[in-house]
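Each chain, written out:
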Amino acid sequence: MGSGDHDCEWREQAESLAIQLDAAQKTIAAQAQTIQAQSESLSTLSEQFASVKDTVEKLQRHVFGKRSEKITPLATAIRDPARAEADRIAALQTRRENAEKKRQLVTRKIEHKVREDQKVCPKCGGHEFSKLGDGAMSELFELVPAIVERQLHIQEKLRCKCGETVITADGPTKVFDKARVGPTFMAQVAVSKCADALPLHRQAKAYRRVGVQVNDSTLGDYFHRTAEITKPISDRLLDVIAEKEIVLADETSHRVQAKGKTRRSWLWSFIAKDEDEREMIAYVFSPSRSSETPDRVLEGTAGKLVADAYKGYDRVTLPGRRVRAGCLAHVRRKFFDGQSVAPDAAIQAMVFILEVYRIERAALDADLLGTPEHLEMRQTESRAVMENFKAWLDAERPRHPPKGPMGEAISYAVGQWDALTLFLTDPHLPIDNNASERALRVAALGRKNFLFVGTNEAGENRAGLYSLIATCEANGVNPVDYLADVLIRVQTHPASRIDELLPYRWKPAAPQ
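Residues numbered from 1 in each chain as written. Predicted model: local features only at pLDDT ≥ 70, side-chain atom pairs only at ≥ 80, totals over all residues. Heavy atoms only, no water.

Considerations on the overall build of the protein chain
The secondary structure content of the protein chain amounts to 17 helices and seven strands. Counting all 512 residues of the protein chain, 37% fall into the buried class. Look at the contacts in the protein chain between residues 6 or more apart in sequence, and 62% of them connect residues 24 or more apart. Approximately 32,600 Å² of the protein chain is accessible, and the part contributed by carbon and sulfur atoms is 52%. (Helix = DSSP H or I, 4+ residues; strand = E, 2+ residues; numbered from the N terminus. Buried < 20%, exposed > 50% of the residue type's maximum accessible area, 1.4 Å probe, protein only. Contact = heavy atoms within 4.5 Å. Areas by Shrake-Rupley, 256 points an atom, 1.4 Å probe, with all protein chains shown as cover.)

What about the pattern of salt bridges?
In total, this model carries 27 salt bridges according to the counting rule given. Residues Arg-115 and Asp-117 are paired through a salt bridge, measuring 3.1 Å at the closest nitrogen-oxygen approach. By relative accessible area, which is 48% here, Arg-115 ends up partly exposed. The shortest N-O distance in the salt bridge between Arg-296 and Glu-292 comes to 3.1 Å. One end of the pair is Arg-296 and the other is Glu-292, both in helix H8 (residues 292-297) and four residues apart, which spans about a single turn. The exposure class of Arg-296 is partly exposed, given its relative accessible area of 41%. (Salt bridge = Lys/Arg side-chain N within 4 Å of Asp/Glu carboxyl O.)

Some words on the sheet that holds strand E4 (residues 261-273)
As summarised here, the arrangement of the five strands in space is E5-E4-E3-E6-E7, forming an open sheet in which the pairing is mixed. Strand pairing shows two members of the sheet lacking a second neighbour, strand E5 (279-286) and strand E7 (322-325), which therefore form its edges. On average, each strand axis in the sheet is tilted by 30 degrees relative to the strand beside it, whichever way the strands run. Strand direction decides the pairing type here: strand E3 (residues 246-258) and strand E6 (residues 303-306), joined by three bridges, are parallel. What sits directly across from Leu-248, in E6, is Val-306. (Pairing = 2+ DSSP bridges. Axes fitted to C-alpha atoms, helices over the stretch in contact; angles between N-to-C directions.)

Some words on helix H12 (residues 405-415)
The element H12 is extensively covered by neighbouring structure, given that eight of its 11 residues are classed as buried. Among the residues making up H12, those that are buried are Pro-405, Met-406, Gly-407, Ala-409, Ile-410, Tyr-412, Ala-413 and Val-414.

Thoughts on the side chain of Ser-340
Structurally, the position occupied by Ser-340 is in the loop between helix H9 (328-337) and helix H10 (343-365). Of the polar contacts made by the side chain of Ser-340, one reaches the backbone oxygen of Asp-337; its length is 3.3 Å. (Polar contact = N/O pair within 3.5 Å; in protein donor to acceptor, adjacent residues only side chain to side chain.)

Some points on the packing of aromatic side chains
A full pass over the atoms with the stated rule returns 12 aromatic pairs. Taking the centre distance of 5.5 Å and the plane angle of 50 degrees together, the rings of Tyr-283 and Tyr-466 count as tilted. Taken together, the residues Tyr-283 in strand E5 and Tyr-466 in helix H16 (residues 456-474) connect sequence positions 183 residues apart. You can call Tyr-466 buried: its relative accessible area is 3%. In textbook terms, an aromatic cluster arises when at least three aromatic residues are bridged by ring pairs, as seen for Phe-335, Phe-352, Phe-389, Trp-392 and Trp-417. Sitting above the plane of the Phe-176 ring, Arg-225 keeps its charged end 3.9 Å from the centroid. (Phe/Tyr/Trp six-rings, centres within 6.5 Å; stacked < 30°, edge-to-face > 60°. Lys NZ or Arg CZ within 6 Å of the ring centre and 35° of its normal.)

Concerning the packing of H10 against helix H11 (residues 372-396)
Between H10 and H11, the shortest axis-to-axis distance is 10 Å and the interhelical angle comes to 175 degrees. With respect to H11, the axis of H10 lies roughly antiparallel. Here Ala-345, Gln-348, Ala-349, Phe-352, Ile-353, Glu-355, Val-356, Ile-359, Glu-360, Ala-362 and Ala-363 of H10 come into contact with H11, specifically with His-374, Met-377, Arg-378, Glu-381, Ser-382, Val-385, Met-386, Asn-388, Phe-389, Trp-392 and Glu-396. For the contact of H10 with H11, the residue count by class is 13 nonpolar, four polar and five charged. (Parallel < 35°, antiparallel > 145°, perpendicular 65-115°, else oblique. Nonpolar A, V, L, I, M, F, W, Y, C, P; charged D, E, K, R; others polar.)

Structural notes on the state of the cysteines
Applying the stated rule across the entire model yields zero disulfides. Summary of cysteine pairing: Cys-124 is not part of a disulfide, and the nearest cysteine sulfur, belonging to Cys-121, is at 3.6 Å. Here Cys-124 falls in the exposed class, since its relative accessible area comes to 63%. The structure places no disulfide on Cys-162, whose sulfur is separated from the nearest cysteine sulfur, that of Cys-160, by 3.4 Å. (Disulfide = S-S within 2.5 Å.)

Observations concerning the pairing of E6
Here four bridges tie E6 to E7, and the two strands are oriented parallel to one another. When the bridges of E7 are listed, Gly-303 appears paired with Arg-322.

A word on unusual backbone geometry
Trans is the common state for peptide bonds, and a negative phi is the common state for residues other than glycine. With a phi close to 55 degrees, Ala-197 is a non-glycine residue in the positive phi region. Relative to the helices and strands, Ala-197 resides in the loop between helix H4 (183-194) and helix H5 (200-209). You can call Ala-197 buried: its relative accessible area is 2%. Of note in the backbone geometry, Glu-277 takes a positive phi value of approximately 65 degrees without being a glycine. Structurally, Glu-277 is set in the loop between E4 and E5.

Overview of the side chain of His-374
The topology assignment puts His-374 in helix H11. The class for His-374 is buried, based on a relative accessible area of 1%. Reaching out from His-374, the side chain makes a polar contact with the side chain of Glu-360 at a distance of 3.1 Å. At 3.1 Å, the side chain of His-374 forms a polar contact with the backbone nitrogen of Gly-370. Leave out the neighbours within four places in its chain, and His-374 touches Glu-360, Ala-363, Leu-368, Leu-369 and Pro-427.

Remarks on the nonpolar core
Phe-270 and Phe-335 are the most contacted members of the largest nonpolar core, which has 114 residues in total. Examining the composition of this core, we find that 10 residues originate from one element, H10, more than from any other. Apart from the residues within four sequence positions on either side, Phe-335 is in contact with Ala-346, Ala-349, Met-350, Phe-389, Trp-392, Leu-393, Met-406, Ala-409, Ile-410 and Ala-413. (Core = buried A, V, L, I, M, F, W, Y, C linked by side-chain atoms within 4.5 Å.)

Here we look at the environment of Phe-452
Looking at the secondary structure, you find Phe-452 in the loop between helix H15 (441-450) and H16. Residues Phe-452 and His-254 lie 198 residues apart in sequence; the distance between their C-alpha atoms is 6.8 Å. Discounting chain neighbours no more than four positions away, the residues touching Phe-452 are Arg-255, Val-256, Gln-257, Thr-262 and Arg-462.

Overview of the environment of Asn-449
Within the secondary structure, Asn-449 sits in helix H15. Taking relative accessible area as the criterion, Asn-449 reaches 25% and is therefore assigned partly exposed. A C-alpha to C-alpha distance of 6.7 Å links Asn-449 and Ala-197, two positions 252 residues apart in sequence. Beyond its immediate sequence surroundings of up to four residues, Asn-449 is in contact with Ala-197, Pro-199 and Arg-202.

Structure (structure tokens):
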């Protein structure tokens, strides 16, 4: 028998084992692929769960909690106990200023005489009393309801002795021909709607209570006439803001009436300061949120634009135009939302941001804002904090799912890093866009009360009046006095001197 015909039991077992081993390896490889796919699926589900959990928590805060963000306000977070005495002195000064304002109120002295039946001395029974000093004085603040005055203007007529000439005195100055209300009335309608978010039908109801029979459509006519007459001033205000080196911008949605429904529109805010640090605020109405509005407003200008990461500002910040500056408050808010999945990491990120705000507060307390010393603080202290923050972000980024709340917060901060650190090069540049958000609160309140505007033209009129009234309030100017004055003056004021009527430069007209 040859060697090739030898029947070996071990060889058969080896071949069988080799076949089994090959099958096992294929099974293991298939299972490994299945495990990898399941792992990837689990990772995806984990990210989706984190995102859904974050959304649910936001909705719970919105429905069951306060509508405003529950994050600790920055002013509270950076408060230094060592400044307690300075804060106490500042609060005392504020109380003194408020007391002085009260003393400047219209004051009426009301004398209370002793009744005749009280003029009896319980000791001697006498009835003869003499005055003792100026009397006991007490202070009482009482509300005197507003009144609408009906004025009858009588124009004197004179005739010459010859009987050929008759002269009639000038009549009252009116905002427009056949006007039946004065400029202060029209100004109050606009301010009540724009500053106090009081709808016209509520204003009409209040006027009817004091005897003025007026409907909301008539008040609407006064409102839009006020906007149209003052449009040269509001347009000029927007142009002045666009010319400034640093401009802050933001936007919020609004509703416009459409056939059978409403459609979404947008209100944009643009803010700047002049050389004397006086704040200017302008609003622009737009049917859409496209980049057309900021591009048109800031066309042909250069400088810096403080805004969030919205893509609508990208065209404004192209090379050769404006440089984009970021908002640390937006970053802080995103990390606050990230606490739902990674509380320790989110708190650490907010600590970095708060340290920058503490440095800014120190500059404010030392009266160094905008000075070379302030720039030095930013380039040394603030830069060190931001560099540590960036190193922390790079190290932390791989530890969080990119689609989760914490991963999105880190991606936002890293993606905006050049814009977020631009403040290190300019002591005049704000580190956040909070001023723009504050400016839009009045629009948010109006959105709840007005619900919508009737037309695009109505939205533009409201934006123009928002601009003038908000700038008045930012500079301590009474908007009713301002509008009542410029409603008359702007119609004959030289266009070359329109800047004199801007709210932050306005001086009341000399009495005639």
